[in-house]
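Observations on the three-dimensional arrangement
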Amino acid sequence: MLNTSKHLSSRSSRTVRALFITALVLALLPISSFASRQITLPFSEGFDLNNYQDLVWVTNGASHQWLSDGGWQGGGAAKIIPIVTDQGYNGLGQFTGLNTEQLNVRFLIKHGSAWGRRPAQDFTNKVIIFNRPTLRDRPMIISRTYNNETDWVTYGACDNTVCRYEGGDYWPDGSDSYRIGPPPFNRSNEWVSVELEANTRTGLISLYITTQDGVLSGRYVQNSMATPGEVFSYIDVIGGYTNFASIPDPENYFIIDELVIDDSYIGPPAGFIAGNPPSPPTILE
């Protein structure tokens, strides 16, 4: 006959040991910083105070630094150093509590001249992601290299990973006018206004890029959602989910300032282009 009490005791001991080992393994895993804040629209963050740590989302060796005087007009800003292992998050967010058919996010961003450099890999960075309650098609910005090269990257307006670039549909074709990379032919160490807009009713995804010299101003590229409908409920990381570890370099970073989230077009800050901000875009139904 089976000794029930002895059997239960042995099984309990194994369970305790298994739970202990599981806890030990979890304790030894690298800790990631996950950020989330519930917001109401309109929302803005100027980073002039170092009080936004709940928004910092860095994993896999990425890091953040508050710059007390590194912003667009000399105020504060958030500096992000990208991941150094595998793939992971380096940016700000999530932003939750949303319930809107149209969502606009505008931020100023400055890249170091080595941003996007990876060891012989095609760089892909999801710069921002809009999410709905159940529909899994997600409007986003994806930054990619041209032709698997590491000299410059550019932005596309995407529905999940189905993208449209200024110089091509799914991938950049090399004719893109917005390029992030080493000077003198690419943009780095300068502030650029970036705004992503998506509307679940019209199904349109619009990317606006404005440079301070006015060469780029307004709608840069537009794409369509495969599945319109529902509302937007939250925003994933602003700055990036990056697919490959970076090459350490003092110029491999980006800085974010003047973040605004709303349910209509925002545009660059007043005075961003030679003292004259561009007019709001024509609404396309």
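Refer to the structure presented above.
Residues numbered from 1 in each chain as written. Predicted model: local features only at pLDDT ≥ 70, side-chain atom pairs only at ≥ 80, totals over all residues. Heavy atoms only, no water.

As for the overall build of the chain
Definition in use: By definition, any uninterrupted DSSP run of H or I lasting at least four residues is a helix, any uninterrupted run of E lasting at least two residues is a strand, and each is numbered from the N terminus. Any residue under 20% of the maximum accessible area for its type is buried, any over 50% is exposed, and the rest in between are partly exposed; the area is computed with a 1.4 Å probe on protein chains only. Surface accessibility follows the Shrake-Rupley procedure with a 1.4 Å probe radius. Residue values consider only the protein chains on display as shielding.
Assigned secondary structure in the chain consists of one helix and 18 strands. With 285 residues in all, the chain has 50% of them scored as buried. When the accessible surface of the chain is split by element, carbon and sulfur atoms take 53% of a total near 13,300 Å².

Some words on the side chain of asparagine 223
This is how the line gets drawn: Two N or O atoms form a polar contact when they lie within 3.5 Å of each other; inside protein one atom must be a possible hydrogen donor and the other a possible acceptor, and for residues adjacent in sequence the pair counts only when both atoms belong to side chains. Whether two residues are in contact is decided by their heavy atoms: any pair within 4.5 Å suffices.
Inspection of the secondary structure assignment puts asparagine 223 in strand E15 (residues 219-224). In this structure the side chain of asparagine 223 is engaged in a polar contact, spanning 2.9 Å, whose partner is the backbone oxygen of alanine 157. For asparagine 223, the side chain forms a polar contact with the main-chain oxygen of valine 162, separated by 3.2 Å. Filtering out sequence-adjacent residues up to four positions away, asparagine 223 remains in contact with Ala157, Cys158, Asp159, Val162, Cys163, Arg164, Gly203, Leu204 and Ile205.

Quick look at the side chain of threonine 210
The topology assignment puts threonine 210 in strand E14 (residues 204-211). When near neighbours in sequence (up to four residues on either side) are disregarded, threonine 210 contacts Val192, Ser193, Leu216, Ser217, Gly218, Pro268, Phe272 and Ile273.

Some details on the nonpolar core
Our working rule: Nonpolar cores were defined as sets of buried Ala, Val, Leu, Ile, Met, Phe, Trp, Tyr and Cys residues, with membership established by side-chain atoms within 4.5 Å.
If you look at the biggest cluster of nonpolar residues, it comprises 47 residues, and the most contacted ones within it are Tyr155 and Ile235. Residues Leu67, Ala77, Ile255 and Phe272 belong to the second largest nonpolar core, which totals nine residues.

Let's talk about the pairing of strand E10 (residues 139-145)
With respect to burial, E10 is a largely interior element, seven of its seven residues being buried. Residue alternation in E10 divides its side chains into two sets, Pro139, Ile141, Ser143 and Thr145 and Met140, Ile142 and Arg144, and both sets are buried.

Some thoughts on the pattern of salt bridges
Selection criterion: For salt bridges, the criterion is a side-chain nitrogen of Lys or Arg within 4 Å of an Asp or Glu carboxyl oxygen.
The tally for this structure, following the rule as stated, stands at five salt bridges. Residues arginine 201 and glutamate 101 are paired through a salt bridge, measuring 3.7 Å at the closest nitrogen-oxygen approach. One end of the pair, arginine 201, is in the loop between strand E13 (192-199) and E14; the other, glutamate 101, is in the loop between strand E7 (95-96) and strand E8 (102-111), with 100 residues separating them in the sequence. Note on glutamate 101: relative accessible area 39%, which makes it partly exposed. Arginine 187 is the salt-bridge partner of glutamate 190, the closest N and O atoms lying 2.7 Å from each other.

Things to note about the environment of tyrosine 234
Within the secondary structure, tyrosine 234 is located in strand E16 (residues 234-236). For the pair formed by tyrosine 234 and glutamine 38, sequence separation is 196 residues and the distance between their alpha carbons is 8.8 Å. In this structure, tyrosine 234 is in contact with Gln94, Phe95, Thr96, Leu98, Ile129, Phe130 and Asn131, ignoring residues within four places of it in sequence.

Here we look at the packing of aromatic side chains
Aromatic ring pairs are defined here through the distance separating the ring centres and the angle between the ring planes. The criterion, for reference: Put simply, two rings from Phe, Tyr or Trp (the six-membered ring, in Trp's case) pair if the centres are within 6.5 Å, and we call them stacked under 30 degrees between planes, edge-to-face over 60, tilted for the rest.
Summed over all chains, the structure comprises 11 aromatic pairs. When the centroid spacing of 5.5 Å and the interplanar angle of 70° are considered together, the rings of phenylalanine 130 and phenylalanine 232 count as edge-to-face. Of this pair, phenylalanine 130 sits in strand E9 (residues 124-131) while phenylalanine 232 sits in the loop between E15 and E16, and the two are 102 residues apart along the sequence. The same class applies to phenylalanine 130 as to phenylalanine 232, namely buried.

Considering the environment of serine 188
By the secondary structure assignment, serine 188 is in the loop between strand E12 (162-165) and E13. In the structure, serine 188 is positioned 63 residues away from glutamate 251 in sequence and 9.4 Å away in space, judged by C-alpha atoms. Once residues within four sequence positions are removed from consideration, serine 188 is found in contact with His111, Gly112, Ser113, Gly181 and Pro183. Here glycine 181 takes part through its backbone oxygen, which lies 3.2 Å from a polar atom of the side chain of serine 188.

Quick notes on a nonpolar patch on the surface
The criterion, for reference: A patch consists of residues exposed above 30% relative accessible area that lack any salt bridge, with like charges linked at up to 9 Å and nonpolar side chains (Val, Leu, Ile, Met, Phe, Trp, Tyr) linked at up to 5 Å.
On the surface, a cluster of nonpolar side chains totalling about 340 Å² of accessible area is made up of Val162, Tyr170 and Trp171. Within the fold, valine 162 resides in strand E12. Overall, the relative accessible area of 41% leaves valine 162 in the partly exposed class.

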